[in-house]
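Analysis of the macromolecular model
Chain residues, written in single-letter form:
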Amino acid sequence: MRMNYRELMDRKITDTVISLFRSSLSPEELANRLKDFHEHDIALALEELRPDERQQISAALDPRQMAELFPYYGEPGLRLAELSPDLAAQILDFMDSGD
């Protein structure tokens, strides 16, 4: 099946974010580079990673940044369950009640 332009661009953005995740950037550099992307794009990329990769990235990001991703996850409860109880609680503190 052929991708339309939007699907192709989404795939390219997701692949770019995944390559950032898998790079050797420091947590500070990664967080800074991720500011160039929408939360939806970051969440899509995170969902394509292995659970151990997601945990590593989650530990590197600020809990406030992580909270901004949760509305875009397909199954936010699963993503939250992968985190340590302390980090999950911090993220929940930053989330809007509507999330």
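Refer to the preceding data block for the structure.
Given the structure is predicted, the values throughout are model-derived calculations rather than measurements.

From N to C terminus, the chain includes seven helices and zero strands. Helices and strands appear in the chain in the N-to-C order α-α-α-α-α-α-α. The globule rule puts the C-alpha radius of gyration for 99 residues at 13 Å, and the 14 Å found for the chain is close to it. A principal-axis box enclosing the C-alpha atoms of the chain has dimensions of 45 × 30 × 20 Å. The proportion of buried residues among the 99 residues of the chain is 33%. Per element, the accessible surface of the chain, about 6500 Å² overall, is 50% carbon and sulfur. With 11 positive and 20 negative side-chain charges, the chain shows a separation of 8 Å between the mean positions of the two kinds.

A few words on the nonpolar core. One finds Phe 21, Leu 34, Leu 46, Phe 70 and Ile 91 to be the most contacted residues of the largest nonpolar core, which totals 25 residues. Of all the secondary-structure elements, those providing two or more residues to this core are helix 1 (5-21), helix 2 (27-34), helix 3 (39-48), helix 5 (63-69) and helix 7 (85-94).

Turning our eyes to something else, we now look at the pattern of salt bridges. Using the criterion set out here, one finds nine salt bridges in the structure. Salt-bridge contacts for Asp 10 lead to Arg 6; the nearest nitrogen and oxygen are separated by 3.3 Å. Remark: Arg 6 and Asp 10 occur in helix 1; sequence separation between them is four residues, near one turn of the helix. With relative accessibility at 21%, the residue Asp 10 sits in the partly exposed group. Residue Arg 22 pairs with Glu 53 through a salt bridge whose shortest N-O separation is 2.8 Å. Of the two residues, Arg 22 sits in the loop between helix 1 and helix 2 while Glu 53 sits in helix 4 (residues 51-60), which places them 31 residues apart along the sequence. Via salt bridges that share partners, Arg 22, Arg 50, Asp 52 and Glu 53 belong to a single interconnected network.

Another point: the packing of aromatic side chains. Throughout the structure, instances matching the rule amount to one aromatic pair. Where Phe 70 meets Tyr 73, the ring centres are 5.0 Å apart and the plane angle is 90°; that geometry is what we call edge-to-face. With respect to burial, Phe 70 and Tyr 73 carry one shared label: buried.

What follows concerns the packing of helix 1 against helix 2. Here helix 1 crosses helix 2 at 165°, and the two axes come no closer than 10 Å. Looking at the two axes, helix 1 sits roughly antiparallel to helix 2. Where helix 1 crosses over helix 2, the two elements pack in a sense that is right-handed. The segment helix 1 lies against helix 2, with Val 17, Leu 20 and Phe 21 engaging Leu 30, Arg 33 and Leu 34. Residues that form the contact of helix 1 with helix 2 fall into these classes: five nonpolar, no polar and one charged.

Procedures and definitions
Residues numbered from 1 in each chain as written. Predicted model: local features only at pLDDT ≥ 70, side-chain atom pairs only at ≥ 80, totals over all residues. Heavy atoms only, no water. Helix = DSSP H or I, 4+ residues; strand = E, 2+ residues; numbered from the N terminus. Rg over C-alpha atoms; globule rule 2.2 N^0.38 Å. Buried < 20%, exposed > 50% of the residue type's maximum accessible area, 1.4 Å probe, protein only. Areas by Shrake-Rupley, 256 points an atom, 1.4 Å probe, with all protein chains shown as cover. Lys, Arg positive; Asp, Glu negative; His and termini not counted. Charge placed at Lys NZ, Arg CZ, Asp CG, Glu CD. Core = buried A, V, L, I, M, F, W, Y, C linked by side-chain atoms within 4.5 Å. Salt bridge = Lys/Arg side-chain N within 4 Å of Asp/Glu carboxyl O. Phe/Tyr/Trp six-rings, centres within 6.5 Å; stacked < 30°, edge-to-face > 60°. Axes fitted to C-alpha atoms, helices over the stretch in contact; angles between N-to-C directions. Parallel < 35°, antiparallel > 145°, perpendicular 65-115°, else oblique. Left-handed = near helix turned anticlockwise from the far one by under 90°. Contact = heavy atoms within 4.5 Å. Nonpolar A, V, L, I, M, F, W, Y, C, P; charged D, E, K, R; others polar.

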